Every structure is written in C-alpha cells, then in structure tokens.
Amino acid sequence: LDLGDERFLITSHANGLQERVFRIFDYAGNPLSPEIIYATGRGDNLRDAPVLLGDGRFAILDMNLSTFKLDLFVFDSSTGASVATIPIAPYVTPIVSAVNVGNSAPVEISSSPLGALVTYARDGSIYATQVSASDLSTKTVLVKSGGAHSFETHRINSEAILIAYSVDTTTYAKVVSAS
C-alpha cells in the first residue's frame, strides 16, 4: 500500500500463520519501522489488502477463520502505532457461508469517500459496513437478504459504491450511498 511521502507498507504472516504483521519502507526499500504484529493467535486467517482511510491512517481487514470474527485494525501511517481495533462482524457463528464460490470467503474491503467499506456475506445475505475515517464509527446496511452466492465491491465516485452480486445464475447490482 502506498502511504504517500515516499513510503509504502507490506503485510505478511509470521510464526506459521499465527501472527499478522506489517512493515513500513521508503521507496528505496529501506525499512522505516520494525515488523509490527497486529494480530496473534488467529489461526488460519483470511487477510485482505490494507486501505488508506485518510487523516494519516490506514486499515487492515482480518477475519479469524477459527472464531469467524471480522476485525478492522486501524494504524497511524507515519508511525505504525495502533489507533483502534473495530469489530465489523463479531459473530460466533460462521460468516463463511456454504454457498461460497470456490474456496474463498466472501469478504472485501475497499476505500470509500468517507473511509473504508467492508462488505461480507453471512447465511447467504450480503452486508456493507461503512467505517468513518474521521471518528471510526460504523454503519451497517443489509445489501441483499438471502440467496446470494458471491459479490464484488467497486467505488463508483465520491458519493457511491456499487456492489454486484449473484443469485443462482443471475447477476444483480446495488448502489450504496457512501454517506
């Protein structure tokens, strides 16, 4: 992830997939931070790409496939210091539905005009949680109730996010306001 000011971020796994780590580098490849552990004891996880939130912060989405909890970790982009851990889907029942396409879990994070948008499927329904960059508050909406098999999220412009999803063999699209 390009952090600006000639810096970038790389995320990785460590200690046999038990830890999630990141490190900040300059454009010449010199480390500007130590390897920072942001999640431990998470088991075999699905990890998504980090996104810039604005206000000098970035976020990394992480789903624990042992507990099926989905968390958004927020960090200061200049120091790598933890700012917050935001539970997006703190369920004890699986987010990963039996109707997944292939072997991938239906979870995505994308930047939005207000911060970040996390979309995920649970029990065949699709949800979108907007995370505000200014105060890290969350707002969740139901995108599609039941029957959804897979989805993709795309930023349309500064005001809207498009979520395309499939039900059986038909593809649908829904525009979600970014505000």
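Scroll up to find the structure this text is about.
My aim in this report is to walk through the structure given alongside it, one point at a time. Bear in mind that the values here come from a model prediction, so they are computed numbers and not experimental data.

### With respect to the overall build of the protein
Then step 1. A tally of regular secondary structure across the protein gives zero helices and 16 strands.
Then step 2. Within the span of the protein, comprising 179 residues, buried residues form 45% of the whole.
Then step 3. Within the protein, contacts between residues separated by at least 24 positions form 36% of all contacts whose residues are at least 6 apart in sequence.
Then step 4. Accessible area of the protein: about 8,500 Å², with a carbon and sulfur share of 51%.

### What about unusual backbone geometry?
Phi is mostly negative for residues that are not glycine, and the peptide bonds are mostly trans.
Then step 1. Positive phi, normally seen in glycine, also occurs at Asp-5, with a value near 50 degrees.
Then step 2. Its location among the elements puts Asp-5 in the loop between β1 (2-4) and β2 (7-14).
Then step 3. Given a relative accessible area of 70%, Asp-5 falls into the exposed group.
Then step 4. Look at Leu-136: it is not a glycine, yet its phi comes out positive at around 60 degrees.
Then step 5. Here Leu-136 shows up in the loop between β12 (125-132) and β13 (138-144).
Then step 6. Judged by relative accessible area, Leu-136 falls into the buried class, the value being 14%.

### Re the packing of aromatic side chains
Then step 1. Taken as a whole and assessed by the stated rule, the structure comprises seven aromatic pairs.
Then step 2. For the pair Phe-22 and Phe-58, a centre-to-centre distance of 5.3 Å together with 90 degrees between the ring planes defines the contact as edge-to-face. With Phe-22 in strand β3 (residues 19-26) and Phe-58 in strand β7 (residues 57-64), this residue pair connects regions lying 36 residues apart in the sequence.
Then step 3. On the basis of relative accessibility, which here comes to 0%, the residue Phe-58 falls in the buried class.
Then step 4. Arranged with centres 5.9 Å apart and planes meeting at 75 degrees, the rings of Tyr-38 and Phe-75 form a pair that is edge-to-face.

### Focus on the pattern of salt bridges
Then step 1. Tallied over the full model, the rule gives one salt bridge.
Then step 2. A salt bridge links Arg-7 to Asp-5; the nearest nitrogen and oxygen atoms lie 4.0 Å apart.

### A look at the side chain of Arg-7
Then step 1. Counting through the fold element by element, Arg-7 comes out in strand β2.
Then step 2. Looking at Arg-7, the relative accessible area reads 12%, which means it is buried.
Then step 3. At a separation of 2.3 Å, a polar atom in the side chain of Arg-7 contacts the main-chain carbonyl oxygen of Ser-77.
Then step 4. Once you skip the residues sitting within four places of it in the chain, Arg-7 turns out to touch Leu-1, Asp-2, Ile-24, Phe-25, Asp-26, Tyr-27, Leu-32, Ser-77 and Ser-78.

### Observations regarding the sheet that holds strand β10 (residues 107-112)
Then step 1. The antiparallel open sheet is built from four strands, whose spatial order is β10-β11-β12-β13. Both outer strands of the open sheet, β10 and β13, are each paired with one neighbouring strand and no more. Recorded for the sheet is a direction-independent mean angle of 20 degrees between the axes of neighbouring strands.
Then step 2. With six bridges connecting them, β10 and strand β11 (residues 115-122) associate as antiparallel partners. In the sheet register, Ile-109 faces β11, and the bridge partner there is Val-118.

### Digging into the sheet that holds strand β4 (residues 36-40)
The strands that make up a sheet pair up through hydrogen bonds in the backbone, lying either parallel or antiparallel.
Then step 1. The four strands lie next to each other as β1-β2-β3-β4, forming an open sheet whose pairing is antiparallel. Sheet topology places β1 and β4 at the edges, where each strand pairs with a single neighbour. Averaged over all pairs of adjacent strands, the angle between strand axes in this sheet comes to 25 degrees, irrespective of strand direction.
Then step 2. The pairing of β1 with β2 spans two bridges and is antiparallel. Residue Gly-4 lies in a different strand from β2, and its bridge partner there is Arg-7.

What counts and what doesn't
- Residues numbered from 1 in each chain as written.
- Predicted model: local features only at pLDDT ≥ 70, side-chain atom pairs only at ≥ 80, totals over all residues.
- Heavy atoms only, no water.
- Helix = DSSP H or I, 4+ residues; strand = E, 2+ residues; numbered from the N terminus.
- Buried < 20%, exposed > 50% of the residue type's maximum accessible area, 1.4 Å probe, protein only.
- Contact = heavy atoms within 4.5 Å.
- Areas by Shrake-Rupley, 256 points an atom, 1.4 Å probe, with all protein chains shown as cover.
- Phe/Tyr/Trp six-rings, centres within 6.5 Å; stacked < 30°, edge-to-face > 60°.
- Salt bridge = Lys/Arg side-chain N within 4 Å of Asp/Glu carboxyl O.
- Polar contact = N/O pair within 3.5 Å; in protein donor to acceptor, adjacent residues only side chain to side chain.
- Pairing = 2+ DSSP bridges.
- Axes fitted to C-alpha atoms, helices over the stretch in contact; angles between N-to-C directions.

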